[in-house]
Amino acid sequence: GAGVSQTPSNKVTEKGKYVELRCDPISGHTALYWYRQSLGQGPEFLIYFQGTGAADDSGLPNDRFFAVRPEGSVSTLKIQRTERGDSAVYLCASSPGTGKETQYFGPGTRLLVL
Amino acid sequence: GDSVTQMEGPVTLSEEAFLTINCTYTATGYPSLFWYVQYPGEGLQLLLKATKADDKGSNKGFEATYRKETTSFHLEKGSVQVSDSAVYFCAALNSGYALNFGKGTSLLVTP
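This report concerns the structure included in the present document. (Residues numbered from 1 in each chain as written. Chains lettered and ligands numbered in written order. Predicted model: local features only at pLDDT ≥ 70, side-chain atom pairs only at ≥ 80, totals over all residues. Heavy atoms only, no water.)

Considerations on the pairing of strand 1 (residues 3-6) of chain B
Residues and elements named next belong to chain B. Across the two faces of strand 1 the burial differs, with Val-4 and Gln-6 buried and Ser-3 and Thr-5 not buried at all. In this sheet, strand 4 (residues 23-26) lies alongside strand 1 in antiparallel orientation, the contact comprising four bridges. Bridge pairing links Ser-3 to Thr-26 in strand 4. (Buried < 20%, exposed > 50% of the residue type's maximum accessible area, 1.4 Å probe, protein only. Helix = DSSP H or I, 4+ residues; strand = E, 2+ residues; numbered from the N terminus. Pairing = 2+ DSSP bridges.)

Concerning the packing of aromatic side chains
Inspection of every chain in the model, using the stated rule, returns 12 aromatic pairs over all chains. Seen in terms of ring centroids, Tyr-35 of chain A and Phe-105 of chain A are 5.4 Å apart; in terms of plane orientation they differ by 50°. Their pairing is tilted. Linking Tyr-35 of chain A in strand 4 (residues 31-37) with Phe-105 of chain A in strand 10 (residues 104-105), this pair joins segments that are 70 residues apart in sequence. Here Tyr-35 of chain A falls in the buried class, since its relative accessible area comes to 0%. Residue class for Phe-105 of chain A comes out buried when judged on its relative accessible area of 10%. Note on Phe-105 of chain A and Tyr-36 of chain B: the rings are 5.3 Å apart at their centroids and 85° apart in plane angle, and the pair reads as edge-to-face. Of the two residues, Phe-105 of chain A sits in strand 10 while Tyr-36 of chain B sits in strand 5 (residues 32-38), which places them in two different chains. An aromatic cluster is defined as three or more aromatic residues linked by ring pairs; in this entry it consists of Tyr-35, Phe-45 and Phe-105 of chain A together with Phe-34, Tyr-36, Phe-89 and Phe-101 of chain B. (Phe/Tyr/Trp six-rings, centres within 6.5 Å; stacked < 30°, edge-to-face > 60°.)

A short note on the sheet that holds strand 1 (residues 5-7) of chain A
Backbone hydrogen bonds are what pair the strands of a sheet, in a parallel or an antiparallel way. All names here are of chain A. Ordered in space as 1-3-8-7, the four strands form an open sheet in which the pairing is antiparallel. If you trace the sheet from one side to the other, it starts and ends with strand 1 and strand 7 (65-68), each paired once. The average angle at which neighbouring strand axes cross in this sheet is 15°, direction not considered. (Axes fitted to C-alpha atoms, helices over the stretch in contact; angles between N-to-C directions.)

Remarks on the interface of chain A and chain B
Contact residues are listed per partner, giving 18 residues for chain A and 19 residues for chain B. Note on chain A versus chain B: buried area summed over both sides is about 1500 Å², and carbon and sulfur give 58% of it. The interface formed by chain A and chain B holds zero salt bridges in total. Scanning the region where chain A abuts chain B turns up four residue pairs in polar contact (both at pLDDT 80 or more). Among the elements of the structure, strand 4 and strand 5 (44-50) of chain A are those that each provide at least two residues to the side of chain A that touches chain B. Here the element with the most residues in the side of chain A that touches chain B is strand 4 of chain A; it accounts for three residues. Of the residues belonging to the side of chain A that touches chain B, the class tally is eight nonpolar, eight polar and two charged. (Contact = heavy atoms within 4.5 Å. Buried area = accessible area lost by both parts, 1.4 Å probe. Salt bridge = Lys/Arg side-chain N within 4 Å of Asp/Glu carboxyl O. Polar contact = N/O pair within 3.5 Å; in protein donor to acceptor, adjacent residues only side chain to side chain. Nonpolar A, V, L, I, M, F, W, Y, C, P; charged D, E, K, R; others polar.)

Thoughts on the pattern of salt bridges
All names here are of chain B. Per the counting criterion, the structure on display carries seven salt bridges over all chains. Between Glu-63 and Lys-56 there is a salt bridge, with its nearest N and O atoms 3.6 Å apart. When its relative accessible area of 35% is taken as the criterion, Glu-63 is described as partly exposed. Exposure remark for Lys-56: the relative accessible area of 53% places this residue in the exposed category.

Points about the nonpolar core
Counting residues in each nonpolar core, the largest one holds 26 residues, and the members touching the most others are Trp-35, Leu-47, Leu-48, Phe-73, Leu-75 and Tyr-88 of chain B. Elements with a contribution of two residues or more to this core: strand 2 (11-14), strand 3 (19-21), strand 4, strand 5, strand 6 (44-50), strand 8 (62-65), strand 10 (86-93) and strand 12 (105-110) of chain B. With sequence-adjacent residues up to four places away left out, Leu-75 of chain B is seen in contact with Leu-19, Thr-20, Ile-21, Trp-35, Leu-47, Leu-48, Phe-62, Glu-63, Ala-64 and Tyr-88 of chain B. Within the second largest apolar cluster, 20 residues are counted, among which are Cys-23, Ile-26, Leu-77 and Val-113 of chain A. (Core = buried A, V, L, I, M, F, W, Y, C linked by side-chain atoms within 4.5 Å.)

Printed below as a string of structure tokens:
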């Protein structure tokens, strides 16, 4: 079946602009996660959704970052007033939502802030 | 807090050589442990996992054993191929839902 998909695959923006990154999880997965991977580093957790609600947003670095999942499927990560330090690969993952389980990752969105 | 430490790369091996990538974790409980692989130009893929002590995960010739006494989950393969060239990430999932990843180990296998 279809895996996790993310759009766009690449995004170039200017400092101060607003961006939206989209994630489409595996069908039927109730849990959805966002991670950020900086160059040469492992992914770092940003936020976790169970259904429509953000169950844990402790990894969001500041209030410029926000994510939604209004219908419990597709999620959008929103970054306001982008900064050069936001440049990274943003990864989305999903899992069935039954407990401590394997997370399946999408290909990521590479964000470059000029 | 919880953390994962894996050996730094890059690791360069000749084809058919033996591979070990070390991974240790710190956690208050008994996390599930994972190895993910990232091939050039592709996303993270699950390679193998183990959910409790002494479990052995295996896939594509790779193996890793969950060692509670040494808090380790070292990745091994008896004979690497050029196609194994990738970045390997060790990760732990403890009481929460956030995977804790190591920094990754780059592996280059030469013919």
